[in-house]
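Each chain, written out:
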Amino acid sequence: MATDPTSVVVAGVSLMVIVFGLIEFLKAVGHFDGTEVTIMSFGVGFLLMAIYLVGSYLPDPYNLLVNGFFACLVVGLAASGYYKFLSQRFPKTG
């Protein structure tokens, strides 16, 4: 059963949020800034959306793999990219 291709929500998380977290992670690891980040965010967003759309039309065993990929990505980013983003913007006090 194919997912609605107009939806950009993967397991309750907006694909934009996933791209945002991944870009923050890649910026921190690769020390990217400026135009590099703009190009990288377009490429990552395009690639993830393409994977999501193609995966939504695959038969169940493969569709589950694509959904599992996004679930793993979300959990990994929650532990790394978002932590880094928040710690830079909200430093510890006291």
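Not measured: the values here are computed from a predicted model.

Draft legend 1. Region of the structure containing the nonpolar core. Membership of the largest hydrophobic core comes to 15 residues, with the highest contact counts inside it found for L15, I18, V44, L48 and F70. Only helix 1 (15-30), helix 2 (35-56) and helix 3 (60-79) provide two or more residues apiece to this core. With six residues, the single largest contributor to this core is helix 2. Beyond its immediate sequence surroundings of up to four residues, L48 is in contact with L15, I18, V19, L22, F69, F70 and L73.

Draft legend 2. Spotlight on the packing of aromatic side chains. Applying the stated criterion across every chain, the model contains three aromatic pairs. Between the aromatic rings of F69 and F70, the centroid separation amounts to 5.2 Å while the plane-to-plane angle is 70°, which identifies the pairing as edge-to-face. What makes F70 buried here is its relative accessible area of 0%. Ring pairs connect the aromatic residues Y52, F69 and F70, which therefore count as one cluster.

Draft legend 3. Representation of the packing of helix 1 against helix 3 in the model. At a closest axis distance of 10 Å, the pairing of helix 1 and helix 3 adopts a crossing angle of 50°. Considering the angle they form, helix 1 stands oblique to helix 3. The two elements helix 1 and helix 3 meet at a crossing, and its hand is left-handed. The residues of helix 3 that touch helix 1, namely those facing L15, I18, G21, L22 and F25, are F70, L73, V74 and L77.

How each quantity is defined
- Residues numbered from 1 in each chain as written.
- Predicted model: local features only at pLDDT ≥ 70, side-chain atom pairs only at ≥ 80, totals over all residues.
- Heavy atoms only, no water.
- Core = buried A, V, L, I, M, F, W, Y, C linked by side-chain atoms within 4.5 Å.
- Buried < 20%, exposed > 50% of the residue type's maximum accessible area, 1.4 Å probe, protein only.
- Helix = DSSP H or I, 4+ residues; strand = E, 2+ residues; numbered from the N terminus.
- Contact = heavy atoms within 4.5 Å.
- Phe/Tyr/Trp six-rings, centres within 6.5 Å; stacked < 30°, edge-to-face > 60°.
- Axes fitted to C-alpha atoms, helices over the stretch in contact; angles between N-to-C directions.
- Parallel < 35°, antiparallel > 145°, perpendicular 65-115°, else oblique.
- Left-handed = near helix turned anticlockwise from the far one by under 90°.

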